[in-house]
Amino acid sequence: MARDPKYDILFEPIQLGPKTLKNRFYQVPHCIGAGSEKPGFQAYHRGVKAEGGWGALCTEYCSIHPESDDTMRVSARIWDDDDVRNLAVMCDRLHSFDALAGIELWYGGPHAPCMESRHVPRGPSQIPSDFEVNTHPRYMDADDIKLVQQMYVDAAIRAREAGFDIVYVYGAHSYLPLQFLSPFYNKRTDEYGGSFENRARFWKECLEQVREAVGDDCAIASRFAVDTLYGPSSIEIGEDGVRFVEYVDDLVDLWDLTVGDIAEWGQNAGPSRFFEENHEKPFTGQIKAGDHTNKPVVGVGRITNPDTMVAIINSGQFDIIGAARPSISDPFLPKKIEEGRPDDIRECIGCNQCISRWEIGGPPMICTQNATAGEEYRRGWHPEKFHTAANADRGVLVVGAGPAGMECAMVLGKREMSAVHLVDADKEIGGCVNWISQLGHSDGKENLARGTARGLGEWKRIVNYRQIQLDKLKNVDVHLNSRLSKQDILEYGAEIVIIATGSHFATDGLNPATHDTIEGADTSLDWQLTPDEVVKGTKEIGNRVLVLENEGYYMGVSIAQKLAGEGKDVTLVTQMGDVANYMEYTLEAPMLHRDLHRLGVHIHTYTMLDKIEPGVCHAYNVWKPAHREQFEVDTVVLCTQRVSNDELYHELRSDKELLTSEGIEAVYMIGDAAAPRMIPDSIFDGHRLAREIDSENPAMPLPFIRERRLWGDVTNNDYDGVLVNTPDIAPMVVK
Amino acid sequence: MKIVVPVKQVAVLDEEFDVLEDRPGVDPDALDWELNEWDEFSLETALQLAEAEGGSEVVVITVGAEEAEDGLRSCLAKGADRAQRIWDDSLEDVDPLAVARVLAAAVERESADLVLCGVQSSDGVHSATGIALAAHLDLPRVAVVKGLEYSGGAATVERELEGGLVENLRVQLPALFTIQTGINEPRYANLRAIKQAKEKQLDVVSLGDLGLDAQAVDSAASSRVRSMAPPDTGGGAEMLDGSAEAVAGRIAEIVKERMG
């Protein structure tokens, strides 16, 4: 089908200095955990998006020198010619798809702990990082300033050699150039501090020197936070925000605009539970609207809807649609618009699981919606291409249509299995997502700094995308309202049976802190609840509620938020040092804490329950168990841990002869049924099994390519020769 | 008890489709085929009755070209005992009354105790075939049945009326009912049943086998599709330009004009 003419504007080319961007789709710099040391991961991940129609794709932040070293987090690096060699692989791959390659030159100042290089970072003033532990920069004198500026120039020249088309001088997220500009970091009294012109001098000179060095060959871009959201102590849109853009506008070919800083960069990479699509418009949208620039502007805001994109361009908000997360969730988003099938777009749900893995420092990026993200090179997975399974003549029964089951059935359908039946006891597909996506609201009346407690409604996109795909697959039948017994499965007539029956919350207080149940915990009582019972409204909830949260992610706090928003007096108890630790990594924590405090939730950390009685919970401090507390409450919600629904699997596997006599060749278990984990892990598990359903032993994942250094004489073939036989992803053409 | 269930393989339109130029109809490339939704419920009603009464037989019959066999196979997979597909090229695009005439000849040969049709088909939406079939067979009939119980040679049925009213009737068999969606929860066939259905009896019957010819069918028809065209769109719209104030003023004028 042809694309709808209303989207034509998105496919118009636009000039960036000496380079032409072929359309308006632009993957802004974002981390993936590849850097320069996993060139295959880097090139294939960005390359799949280039194949999917993105006009330009950038590296993550790319360190210009060992004294800007962000270890434990993974950045790209362009310190020497060997880095050039590795990054060139990405450039070549992007150019083969007619896309531009961008590099985000980065110097972190105090925000670079230099744990690997052990260098000393330099900064405009000796102000320690506001989020690293004990990281003080060295004060930059006039010579240091020239030295660091030369680092930018040297890195830019190396970037051009690698084949990059767009070279950034990166300041946004409060890195060195913005540290000079912001009085929050810059306390200098020399010609680089004080007045606006003095504070802007370092960045301006960097732009001039980089432009002088490579500007004839490369587009010069700058990423700038038009408001760091600290009020008058830093950059404000109406002050230095517009002033800086106007001041250096003639030195850039492209503005890449953001809001916020790195200490709370969830204001930029806004999670859906607090920020809606295009949420940065009130800030970044002012630059073009106010006529402060003559240069093209790219901006972001988890923009997934093609109609929003058109409105953004037509209204003069941006010239180019920037995307990090939407491009991870759907590398083929532009192509799907171009081919007139926008309903196939796999929309980002704004869970920020991608960010979480980078924040942890080390693991590759993952994506809830797109299980192939990060697997393009090491597993040879393509997000849109699926080769026919060698055993496609087999019939498959998938029991359970939650995240793992939906994904598995969908991928098996795309691999052209002769018949796939996805069967669920519920009246709709989606499993746990159907109630989890109702979490996260509070009363919604009062703003939290910039966002609102919108809830996890966008997580329902997990189901919506798969529902649409399953409907289109003629070889997949979905049967609902059908709870299958062992006997039903034995008689089903499927050669392959996949158990995806999910998990349930412990009803007896079983928990990861004590590896035991809790005396008196029993959710069969009408005043004790599991989290799903709270959402489903099956029990009456008293005014005083204690929520026990032992999981460390969103469940306990979301229940507390919901009940407090409904006016309950909520006490939140956890054995850990903070509630919802993992939400630090997803960048949801700062906004969540604001909401919990606003709602008056009483938080007790390092606290655990050892007895629950009607009207009272008995607690102790985990470091000093003799220190005891009692909480007088009416209702208790137990978010302690989940337990797999694996009975069916074990019953079936107990009699292998019976399986054989019924024609069942294999029984597999995926998702929470195997082990309760986070939703992206369950989806991955279902995807993985379907991708490898015709391997020698599908129950065991195939090995993946590891980009570690191999000792001795090696060739690329020693790493990735296996990819030549991978049918879905185009192999690398190495020069 | 022998129950005959006439079913229809209906066309499902793609979002975008073209109307044929040489004859009335839709470009077949834009069509998908599936069993009519209402027939899932009439079949389920038949299967439940047959299961309750030992020694029963459920026969599904359709008038349709080869693509209709998928629908018949799905009925066989769910538990129908045998199937019959009636076809002749002259039956292309005939109206519901003609279809009813053809079905009547086939059902007559089965000496059915009960004939269960769907209320309507999702593509034609005439709600005519079932009732016309009852007329041809001279059977008592009840349309839009949303509840059915059988005992002692008679059925007690709930007939859905407008405004939420329900009429309760007791009807001596043989009879014909048209079954409404929601009367039950249709079963699905597991993979084994789908495989086994391939071995069940599916007869392809010609008009001649039924003692009919094209002329007999034609004389039963009440209508023929003469032409088919998408409705005109965009007419009658007046685009208003100008400032918000001017546009609002013009809208107010139009509303006043139209309201007299």
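Residues numbered from 1 in each chain as written. Chains lettered and ligands numbered in written order. Predicted model: local features only at pLDDT ≥ 70, side-chain atom pairs only at ≥ 80, totals over all residues.

Novice: Help me understand the overall build of chain A in this model?
Specialist: A count of helices and strands for chain A gives 23 helices and 28 strands. Against the 2.2 N^0.38 benchmark of 27 Å for 735 residues, chain A shows a C-alpha radius of gyration of 27 Å, consistent with a compact globule. Summarising its shape, the C-alpha atoms of chain A cover approximately 75 × 60 × 55 Å along the three principal directions. The buried share of chain A, taken over its 735 residues, is 56%. Here the analysis covers contacts within chain A between residues at least 6 apart in sequence; of these, 73% occur between residues at least 24 apart. (Helix = DSSP H or I, 4+ residues; strand = E, 2+ residues; numbered from the N terminus. Rg over C-alpha atoms; globule rule 2.2 N^0.38 Å. Buried ≥ 20, exposed ≤ 12 C-beta atoms within 10 Å, placed from the backbone. Contact = placed C-beta atoms within 7 Å.)

Novice: How should the overall build of chain B be read in this particular structure?
Specialist: Within chain B, the secondary structure is distributed over seven helices and 11 strands. C-alpha atoms of chain B, sized along the principal axes, occupy 75 × 45 × 40 Å. Per-residue burial for chain B yields a buried fraction of 36% across its 260 residues. Sequence-distant contacts, at least 24 apart, represent 70% of the contacts inside chain B between residues at least 6 apart.

Novice: I'm lost on the nonpolar core in this one. Help?
Specialist: Side chains of nonpolar character tend, in soluble globular proteins, to be buried together. By size, the foremost hydrophobic cluster in this structure holds 123 residues, and its most contacted members are A:L397, A:C408, A:I498, A:I499 and B:L133. Per element, the largest residue contribution to this core is nine residues, and it comes from helix α3 (residues 96-110) of chain B. Among all residues touching A:L397, those that are not within four sequence positions of it are A:H421, A:V423, A:I489, A:Y492, A:A494, A:V497, A:I498 and B:L191. A:L10, A:A99, A:V169 and A:C367 belong to the second-largest nonpolar core, a separate cluster that totals 116 residues. (Core = buried A, V, L, I, M, F, W, Y, C linked by C-beta atoms within 7 Å.)

Novice: Please clarify how the packing of helix α5 (residues 196-214) of chain A against helix α6 (residues 237-248) of chain A should be interpreted in this entry.
Specialist: All names here are of chain A. At a closest axis distance of 11 Å, the pairing of α5 and α6 adopts a crossing angle of 45 degrees. Between α5 and α6, the angle falls in the class oblique. Like other packed secondary-structure pairs, α5 and α6 cross with a definite hand, here right-handed. For the pair α5 and α6, contact is made by F196, A200, W203, K204 and L207 and by D240, R243, F244, Y247 and V248, respectively. Residue composition of the contact of α5 with α6, by class: seven nonpolar, no polar and three charged. (Axes fitted to C-alpha atoms, helices over the stretch in contact; angles between N-to-C directions. Parallel < 35°, antiparallel > 145°, perpendicular 65-115°, else oblique. Left-handed = near helix turned anticlockwise from the far one by under 90°. Nonpolar A, V, L, I, M, F, W, Y, C, P; charged D, E, K, R; others polar.)

Novice: I would appreciate a short explanation of the domain arrangement of chain A in the present structure.
Specialist: Interface size is commonly expressed as the accessible area that is lost once the parts come together. Residues and elements named next belong to chain A. Each assigned domain of chain A is listed with its residue range as follows: domain 1 (5-360), domain 2 (395-502 + 645-691) and domain 3 (508-643). Each of domain 2 and domain 3 has a C-alpha centre, and these two points are 28 Å apart. Residue-level contacts link 15 residues of domain 2 with 15 residues of domain 3. Of the residues in the side of domain 2 that touches domain 3, the class split is seven nonpolar, five polar and three charged. (Domains from an automatic or database assignment.)

Novice: Help me understand the sheet that holds strand β20 (residues 544-549) of chain A in this model?
Specialist: Neighbouring strands of a sheet are bound in pairs by backbone hydrogen bonds; such pairs are parallel or else antiparallel. Residue and element names in this part refer to chain A. Pairing within the open sheet is parallel, and its five strands lie in the order β19-β26-β20-β21-β22. Sheet topology places β19 (528-529) and β22 (602-604) at the edges, where each strand pairs with a single neighbour. Relative to β20, helix α17 (residues 554-565) is tilted by about 165 degrees, and along the sheet it contacts β20, β21 (569-573) and β26 (635-639). (Pairing = 2+ DSSP bridges.)

Novice: Can you walk me through the sheet that holds strand β17 (residues 496-499) of chain A in this structure?
Specialist: Residues and elements named next belong to chain A. The sheet built from five strands is open, its strands ordered β16-β15-β14-β17-β28 with parallel pairing. If you trace the sheet from one side to the other, it starts and ends with β16 (476-479) and β28 (666-669), each paired once. Across the sheet, the axes of successive neighbouring strands diverge by a mean angle of 15 degrees, strand direction being ignored. Pairing of β17 with β28, which is carried by four bridges, proceeds in the parallel orientation. Bridge pairing in β28 links I496 to A666. Of the strands in this sheet, β14 (395-399), β15 (419-423), β16 and β17 are in contact with helix α12 (residues 403-414), which crosses β15 at around 165 degrees.

Novice: Got a minute to help me understand the pairing of strand β7 (residues 141-151) of chain B in this structure?
Specialist: Each regular strand displays side chains that alternate between the two surfaces of the sheet. All names here are of chain B. Inspection of the sheet shows β7 paired to strand β10 (residues 175-179) by three bridges, in the parallel sense. The residue bridging V145 from the neighbouring strand is I179, located in β10. Note that β7 and strand β8 (residues 154-160) share six bridges and pair antiparallel. Bridging from a neighbouring strand, L148 pairs with V157 of β8. Hairpin connection of β7 to β8: two residues between the antiparallel strands, including G152 at a positive phi of 55 degrees.

Novice: I tried to follow the packing of α17(A) against helix α19 (residues 589-598) of chain A on my own but got confused; where do I start?
Specialist: Describing two packed helices takes the angle between their axes plus the distance from one axis to the other. All names here are of chain A. Contact geometry for α17 and α19: axes closest at 10 Å, N-to-C directions at 40 degrees. In the packing of α17 onto α19, the handedness of the crossing is left-handed. Contact with α17, carried on its side by V557, A560 and Q561, involves L592, D595 and L596 of α19 and no other residues of that element. Considered class by class, the residues forming the contact of α17 with α19 number four nonpolar, one polar and one charged.

Novice: Could you clarify how one ought to interpret α3(B) in this entry?
Specialist: Quick reminder: α-helices carry 3.6 residues per turn. Residues three or four places apart thus point the same way. Residue and element names in this part refer to chain B. Counted at 1.5 Å a residue, the expected span for α3 with its 15 residues is 21 Å, and the 21 Å between its end C-alpha atoms agrees. Of all 15 residues in α3, 11 are buried, a share of seventy percent or more. For α3, the full list of buried residues reads P96, L97, A98, V99, A100, R101, V102, L103, A104, A106 and V107. (Expected span 1.5 Å × (residues − 1).)

Novice: Help me understand the environment of A:L470 in this model?
Specialist: Residue and element names in this part refer to chain A. By the secondary structure assignment, L470 is in helix α14 (residues 461-472). C-beta crowding within 10 Å serves as the criterion here: with 19 such atoms nearby, L470 is assigned to the partly exposed category. Separated by 164 residues in the primary sequence, L470 and P306 place their C-alpha atoms 22 Å from one another. Those residues in contact with L470, other than ones at most four positions away along the chain, are A409, M410, G413, L422, V476 and V478.

Novice: Would you mind going over helix α11 (residues 353-360) of chain A with me for this structure?
Specialist: All names here are of chain A. With six of its eight residues buried, α11 lies for the most part within the structure. Within α11, the full set of buried residues consists of Q353, C354, I355, S356, R357 and W358. Buried-residue contacts for α11 involve α9 (325-329), α18 (582-585) and α22 (679-691). Downstream of α11 by a residue or two, G361 has a phi angle that is positive, lying close to 90 degrees.

Novice: What is the right way to read unusual backbone geometry from this model?
Specialist: Glycine aside, the phi torsion of most residues is negative, and most peptide linkages are trans. Residue and element names in this part refer to chain A. Omega for the bond connecting T71 with M72 falls within 30 degrees of zero, at 20 degrees, which places this linkage in the cis form. Among the secondary structure elements, M72 is positioned in the loop between β4 (56-63) and β5 (76-77). In this structure, A580 is a non-glycine residue whose phi angle is positive, near 50 degrees. Here A580 shows up in the loop between β21 and α18.

Novice: What am I meant to see in the pairing of strand β11 (residues 254-258) of chain A here?
Specialist: All names here are of chain A. Where burial is concerned, most of β11 is hidden: five out of the five residues are buried. With burial as the criterion, each face of β11 is covered, one bearing L254, D256 and T258 and the other bearing W255 and L257. Pairing of strand β10 (residues 219-225) with β11, which is carried by five bridges, proceeds in the parallel orientation. The residue of β11 that forms the bridge with R223 is D256. The β-α-β motif built from β10, the intervening α6 and the parallel element β11 has right-handed crossover chirality. Pairing analysis gives three bridges linking β11 to strand β12 (residues 297-299), with the strands arranged parallel. Residue pairing for β12: W255 is matched across the bridge by V297. (Right-handed = clockwise from strand over helix to strand, strands pointing away.)

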